[in-house]
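So the chains spell out like this:
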Amino acid sequence: MPLRFYNTLTQEKEIFKPIQAGQVGIYLCGPTVYRESHIGHAVGPVVFDALKRYLSFKGFKVRWVVNITDVEDKLIEEAQQQNCRVSELAERVARSYRDALAQLGVHGIDHMPKASEHITEIIAMIERLITNGYAYTSGGDVYFEVSRDDDYGKLSNRRTEDQAGQRELSSADKRSPHDFALWKASKPEEPEEVCYASPWGCGRPGWHIECSAMSMKLLGETFDIHGGGMDLIFPHHENEIAQSESCTGKPFVKYWLHNGLTRFNTKKISKSDPTMQIMLSRMTLSHLLNQYSGELLRYFILSTHYRRPIEFSDEELASRQKGLDSFYRLFERINRSVNNSPYDDHPTLHRPKFEAINEQYHEFVREMLEMRNEYLDALDDDFNTAAAISVLFKEAAAINRLMDRCQVETSTDQEARQLVLGACRSLVEDGRIIGLFLKTPAQLVKLDESLTDRLVEMLIQLRSDAKKDKHFALADRIRDELAALGVVLEDSRDGTRWRKS
RNA sequence: GGCGACGUGCCCGAGUGGACUAAGGGAACGGUUUGCAAAACCGUGAUUCGUCGGUUCGAAUCCGACCGUCGCCUCCA
């Protein structure tokens, strides 16, 4: 199946064909760094990181840019409130954002350009727009003249005539209420660090122009994929198209991909809703990453199709955690019974030599290969990670099934052991295509509990002795009391294991 | 007023004209295994996809109306 994406511009699924064979340029709109990032800011990066991994897996050379907007009204306001420099606030928020992304397994960003470091490019672009007759100056401001752009509204499917609405959009300095600022003159009360010299006097860029200027610099005048949240379709992306295409006379972007917005209690996370502010503090990335692993949050985001809204709740995260745990139980089972880590570089089952495999296992191998195709097909169909992840569960079940059937824990059948190891290795590899199972379980366990470990091991030993003496009441009591403390015991033929509930 | 999204079992969530007598996960229940548990595996669970009509040989999937939820048109990933 060829790779297809739903393109917001055409409102259809289209076969993906990059502008230059074998190469893909992606631009994702990142945050304005004036306040701590919340979970909604992580959706785009996680989805596009997974997408970059997938495109790389398919052999494309991918260049991925995520911008940081660090020159903006709210940022100036917030810095004044906190009585710090704008650059200081921006750097602090941006750093914690990057830290959070790293924990979420987002490692594929090639460039994170800042608006403040591209003022020259922005000014050059505005000058070109003025020269081309698409922009005009008014006082110290520069505006884009929407009426000069014939296909304005093509992304969001809006006509400016229909946008009268109930709101008063006009501004004294604009020729039309739909025109938007490319450059804003500095106001007297604003700090000097955000006053940039320009041909129109001191000022700073408007909101949309930085993305056009930086994407053009890093990805060229026309590039393959532009992404962002659905809420950016209008006006942000619409205006990016208008500016860029009026400036270059070339198409700006081939495929527009928009992710669904995060919701809480069925409402979008909104910065202006005061009650939402309280929820928001619990939804910040740093807060969530204290409670949940980055992988769980990543898995949660990817287990819904990217265009759908995601409803966040502690209950749902707990439910997902249990699902995710079942994979790690399988990996540990393999490690324990085959005495080999599924993370190490073993041959996988992707290209099996059937003649070398005992016939009784042929069906298993075929089943695994079919599921692998099913997995890749799901990703090809508008990057349906939700459907793909469901295949991972089926793969895990098939492996467990074979292990049960062959009693791998106690069997001496080397072939079955190797087969199961290879299959599990394939499963890990499949997950890694979208950035799951990146860390080995040992790396996931925190180092803080060596004493707890020894205490629990001791109790397990005592209980084992009690069992040998048929003191089952005592053995049960140990298990129950541990359970009450949140430690679950699991007996098996080859000993007792434990885990936190 | 304009543009758009969504409504699938107890919960989450795929599927968007025929392989759907609807994937997968969580919860529940029954079974295999186990001294008992846990884990793993097997099985049960929507005759039905917001409601009502229509198109079609055939619809969760297309069209229309209605009900409900939400988003954008002001800052937002």
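Every value quoted in this text rests on a predicted model; they were computed, and no experiment measured them.

Peer 1: Got a minute to help me understand the packing of helix 2 (residues 73-82) against helix 3 (residues 86-103) in this structure?
Peer 2: For any two helices packed against each other, the geometry is given by the interaxial angle and the distance between the axes. Interhelical geometry of helix 2 versus helix 3 gives an angle of 100 degrees and a closest axis separation of 9 Å. When the interaxial angle is binned, helix 2 and helix 3 end up roughly perpendicular. The segment helix 2 lies against helix 3, with Leu75, Ile76, Glu78, Ala79 and Gln82 engaging Val86, Leu89, Ala90 and Arg92. A per-class count over the contact of helix 2 with helix 3 returns six nonpolar, one polar and two charged.

Peer 1: Looking at this structure, I do not really get the domain arrangement of chain A. What am I missing?
Peer 2: Many structure descriptions define interface size as the accessible area lost when the parts assemble. If you check the domain split of chain A, you get domain 1 (18-311), domain 2 (321-442) and domain 3 (447-500). One C-alpha centre belongs to domain 1, the other to domain 3; they are set 53 Å apart.

Peer 1: How do you make sense of the state of the cysteines when you look at a structure like this?
Peer 2: For the coordinates displayed, the defined rule picks out zero disulfides. Here cysteine 202 stays free of any disulfide, with the sulfur of cysteine 195 as its closest cysteine sulfur at 5.4 Å. We classify cysteine 202 as partly exposed; its relative accessible area is 45%. In this structure cysteine 247 is a free cysteine whose sulfur lies 15 Å from that of cysteine 211, the closest cysteine sulfur available.

Peer 1: Got a minute to help me understand the sheet that holds strand 3 (residues 23-28) in this structure?
Peer 2: As a general point, the strands of a sheet are linked pairwise by backbone hydrogen bonds and lie either parallel or antiparallel. Here four strands make up an open sheet; going across it, the order is 4-3-9-10 and the pairing parallel. Single-partner strands in this sheet number two, and they are strand 4 (61-66) and strand 10 (253-259). Going from strand to strand, the sheet's axes swing by 20 degrees on average, the running direction of each strand aside. In this structure, strand 3 lies alongside strand 4, joined through six bridges in parallel fashion. By the bridge assignment for strand 4, valine 24 is matched with valine 62. Across the sheet, helix 1 (residues 40-57) touches strand 3, strand 4, strand 9 (223-229) and strand 10, and the angle it forms with strand 4 is around 165 degrees. Across the sheet, helix 5 (residues 209-219) lies against strand 3, strand 4 and strand 9, angled at about 160 degrees from strand 3, the strand it touches most.

Peer 1: In this structure, what is going on with the packing of aromatic side chains? I would like to understand it.
Peer 2: The description of an aromatic ring pair rests on the distance of the ring centres and on the angle between the ring planes. Counted under the stated rule, the structure contains 20 aromatic pairs. For the ring pair phenylalanine 252 and tryptophan 256, a centre distance of 5.9 Å and an interplane angle of 55 degrees mean the geometry is tilted. Here the two residues phenylalanine 252 and tryptophan 256 agree in accessibility, since each one is buried. Ring geometry for phenylalanine 331 and tyrosine 343: centres 5.7 Å apart, planes at 80 degrees, overall edge-to-face.

Peer 1: I would appreciate a short explanation of the sheet that holds strand 5 (residues 135-138) in the present structure.
Peer 2: Across the sheet, which stays open at both edges, the four strands sit in the order 5-6-7-8 with antiparallel pairing between neighbours. In this open sheet, the two edge strands, each paired with only one partner strand, are strand 5 and strand 8 (203-205). Averaged over all pairs of adjacent strands, the angle between their axes in this sheet comes to 20 degrees, without regard to strand direction. Note that strand 6 (residues 141-144) and strand 7 (residues 180-185) share three bridges and pair antiparallel. Residue phenylalanine 144 lies in a different strand from strand 7, and its bridge partner there is phenylalanine 180.

Peer 1: Could you clarify how one ought to interpret a nonpolar patch on the surface in this entry?
Peer 2: Residues Leu451, Leu455, Met458 and Leu462 make up a contiguous nonpolar surface patch of roughly 380 Å² in combined accessible area. Here leucine 455 shows up in helix 15 (residues 450-468). For leucine 455, a relative accessible area of 42% translates into the label partly exposed.

Peer 1: Whenever I open this one, empty space enclosed by the protein confuses me. Can you help?
Peer 2: Unfilled space is identified by rolling a water-sized probe across the atoms. The final tally for this structure, using the stated rule, is four cavities of 30 Å³ or more. Reported here for the largest cavity is a volume of approximately 40 Å³. Leu349, His350, Met368, Leu369, Arg372, Glu395, Ser426 and Asp430 together form the lining of the largest cavity. Elements with a minimum of two residues in the lining of the largest cavity: helix 11 (362-380) and helix 13 (414-433). Residue contributions to the lining of the largest cavity peak at three residues, all from helix 11. For the lining of the largest cavity, the residue count by class is three nonpolar, two polar and three charged.

Peer 1: Even after reading the chapter, I still don't get the pairing of strand 6, so can you show me in this structure?
Peer 2: The two faces of a sheet get side chains in turn, since along a regular strand they alternate between them. Side chains Asp141 and Tyr143 project from strand 6 onto one buried face, and the interleaved Val142 and Phe144 project onto a second face that is buried too. Here strand 5 runs beside strand 6; their pairing, made up of four bridges, is antiparallel. Looking at strand 6, one finds that serine 138 is bridged to aspartate 141. Counting the residues in the hairpin turn of strand 5 and strand 6 gives two residues, including glycine 139, whose phi is positive at 65 degrees.

Cut-offs applied
- Residues numbered from 1 in each chain as written.
- Chains lettered and ligands numbered in written order.
- Predicted model: local features only at pLDDT ≥ 70, side-chain atom pairs only at ≥ 80, totals over all residues.
- Heavy atoms only, no water.
- Axes fitted to C-alpha atoms, helices over the stretch in contact; angles between N-to-C directions.
- Helix = DSSP H or I, 4+ residues; strand = E, 2+ residues; numbered from the N terminus.
- Parallel < 35°, antiparallel > 145°, perpendicular 65-115°, else oblique.
- Contact = heavy atoms within 4.5 Å.
- Nonpolar A, V, L, I, M, F, W, Y, C, P; charged D, E, K, R; others polar.
- Domains from an automatic or database assignment.
- Disulfide = S-S within 2.5 Å.
- Buried < 20%, exposed > 50% of the residue type's maximum accessible area, 1.4 Å probe, protein only.
- Pairing = 2+ DSSP bridges.
- Phe/Tyr/Trp six-rings, centres within 6.5 Å; stacked < 30°, edge-to-face > 60°.
- Patch = residues over 30% accessible without salt bridge, like charges linked within 9 Å, V, L, I, M, F, W, Y side chains within 5 Å.
- Areas by Shrake-Rupley, 256 points an atom, 1.4 Å probe, with all protein chains shown as cover.
- Salt bridge = Lys/Arg side-chain N within 4 Å of Asp/Glu carboxyl O.
- 1 Å grid on protein atoms, 1.4 Å probe; cavity = no way out; pocket = protein on both sides within 12 Å on 5 of 7 lines; lining within 4 Å.
- Points joined across faces, edges and corners; volume = space filled by probe spheres on them.

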